[in-house]
Amino acid sequence: MAINIEQYHTPVLLKEVVELLVTDPKGIYVDGTIGGGGHSSAILERLDEEGRILGFDKDIEAIEFCKEKFKGELEKGELSRIELFNECFSNACSITRHRGKWTGFLLDLGVSSRQLDESRRGFSYRAVGPLDLRFSPHGTTAEELVNAANEEDLAALLRKFGEEPYAKKIARAIVQQRKISPLKTTVDLAKVVENVVPRKFLKKSLSRVFQAIRIAINNELEVLEKALNNSLECLAIGGRIVVISYHSLEDRIVKNFLRNFSTKRSEEGTIIVPKIKVLTKKPIVPSEAEIKSNPRARSAKLRAGEKIAD
Ligand SMILES: C[S@@+](CC[C@H](N)C(=O)[O-])C[C@H]1O[C@@H](n2cnc3c(N)ncnc32)[C@H](O)[C@@H]1O
């Protein structure tokens, strides 16, 4: 496979991620969303021969891409400093537990530029593609969801996962449209939205609708919460967790996780000591210059914490 490393994905907040995450060149680093391997490459540069990266992605195409990208390293066999897993990041702790405690855990959530640009994945409303939107070829597709869910459930989903003000109208229009013919492509869905949302709000609504459906079919919020909670078991004391999120629903989950575990509290008479020290009082966001050179970075928010107790 010929690979073009530049075109796959531009890693967001690269310098900030590496500086916060890599505290020991001999450490074990779990990249839960390896994508095009941009962050992992930079982490790898900081590691010595004993350091390891365990890279996860649910998308087999990302894993295949990284197999090529890190070919030289992977060919070292047992001495390879990188290992790849085509798995959900919420399983990373159970899969890698036997390898030893983690020094760092990175999650760079959402979709890669490659996924957005490949119309056959259906992630973008800007190009004609099948209504798929899954990270891996398992489970319900967006097409199955929009053609089967009832109007109330569709409206609730658009409200909950997209915070979409026209949720009710869009849900009704979807149900009416599919009585005429089922929605099959990204453009079929985009047209329904176009018919009910005023022109000046259209772009935002389209993004929110596609986001909501993607979150729902990939179960993204539940998976994120599970991964954060599980990571505490696998992180070493002093180990760090760094998460980049791209919308407020994800960011809220990360913020609450860090707050809950960094606060001393009492539960049914038992004092719960903090397990985490928050490293980012406010989220770190990309600079103007980064946004200019990579507009897809504009909504990124990075939060980080360090495990301080078991
Ligand atoms: C924003 S991209 C990551 C880009 C990467 N940091 C880089 O530098 O190229 C997000 C990646 O996370 C993957 N992903 C999304 N949800 C996942 C999950 N639950 N488990 C594993 N990978 C997931 C996507 O397939 C995508 O490749």
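Described in the following lines is the structure provided in the data block. (Residues numbered from 1 in each chain as written. Predicted model: local features only at pLDDT ≥ 70, side-chain atom pairs only at ≥ 80, totals over all residues.)

A few words now on the overall build of the protein. Scanning the protein for helices and strands turns up 15 helices and nine strands. A globule of 310 residues ought to have a C-alpha radius of gyration of about 19 Å, and the protein, at 20 Å, matches this closely. Seen through its C-alpha atoms, the protein measures out along the principal axes to roughly 60 × 60 × 40 Å. The proportion of buried residues among the 310 residues of the protein is 44%. (Helix = DSSP H or I, 4+ residues; strand = E, 2+ residues; numbered from the N terminus. Rg over C-alpha atoms; globule rule 2.2 N^0.38 Å. Buried ≥ 20, exposed ≤ 12 C-beta atoms within 10 Å, placed from the backbone.)

With that settled, the discussion passes to the pairing of strand β3 (residues 82-85). The side chains of a regular strand alternate, residue by residue, between the two faces of the sheet. With burial as the criterion, only one face of β3 is covered, namely that bearing Ile-82 and Leu-84; the residues Glu-83 and Phe-85 on the opposite face remain uncovered. With four bridges connecting them, strand β2 (residues 52-56) and β3 associate as parallel partners. Paired with Gly-55 across the bridge in β3 is Leu-84. (Pairing = 2+ DSSP bridges.)

Glancing now at the environment of Val-22. Here Val-22 lies in the loop between α2 (14-21) and β1 (28-31). By the C-beta count within 10 Å, which is 22 here, Val-22 ends up buried. Taking the C-alpha atoms as reference points, Val-22 and Leu-47, 25 residues apart in sequence, are found 8.4 Å from one another.

Looking now at the site of the ligand. As a matter of local geometry, the ligand sits amid 22 residues, with Pro-11, Thr-33, Gly-35, Gly-36 and Gly-38 nearest to it. In terms of residue class, the shell around the ligand is made up of eight nonpolar, ten polar and four charged. (Near = placed C-beta within 6 Å. Nonpolar A, V, L, I, M, F, W, Y, C, P; charged D, E, K, R; others polar.)

Spatially, the seven strands line up as an open sheet ordered β3-β2-β1-β4-β5-β9-β8, and their pairing is mixed. The strands lining the two open edges of the sheet, one partner per strand, are β3 and β8 (276-278). Geometrically, the sheet is characterised by an average inter-axis angle of 20° between neighbouring strands, direction not taken into account. Bridge count between β1 and strand β4 (residues 102-108): three bridges; the pairing is parallel. Residue pairing in the sheet places Tyr-29 in a bridge with Gly-104 of β4. (Axes fitted to C-alpha atoms, helices over the stretch in contact; angles between N-to-C directions.)

Next up on the list: the environment of Thr-10. One can find Thr-10 in the loop between α1 (5-8) and α2. Classification of Thr-10 by C-beta neighbours within 10 Å gives partly exposed; the count is 16. Note: C-alpha distance between Thr-10 and Arg-114 (104 residues apart in sequence) is 9.8 Å. Non-local contacts of Thr-10, meaning those with residues more than four positions away in its chain, are made with Gly-38, Ser-113 and Asn-294. (Contact = placed C-beta atoms within 7 Å.)

Of note, the phi angle at Asn-219 is positive, near 55°, even though the residue is not glycine. The topology assignment puts Asn-219 in the loop between α12 (202-218) and α13 (220-234).

To continue, consider the packing of helix α9 (residues 151-162) against α12. Between α9 and α12, the shortest axis-to-axis distance is 8 Å and the interhelical angle comes to 95°. Put simply, α9 runs roughly perpendicular to α12. On α12, the residues touching Leu-157, Leu-158, Phe-161 and Gly-162 of α9 are Arg-208, Val-209, Gln-211, Ala-212, Ile-215 and Ala-216. Grouping the amino acids of the contact of α9 with α12 by side-chain chemistry returns seven nonpolar, two polar and one charged. (Parallel < 35°, antiparallel > 145°, perpendicular 65-115°, else oblique.)

That's the geometry; what it means functionally is another story.
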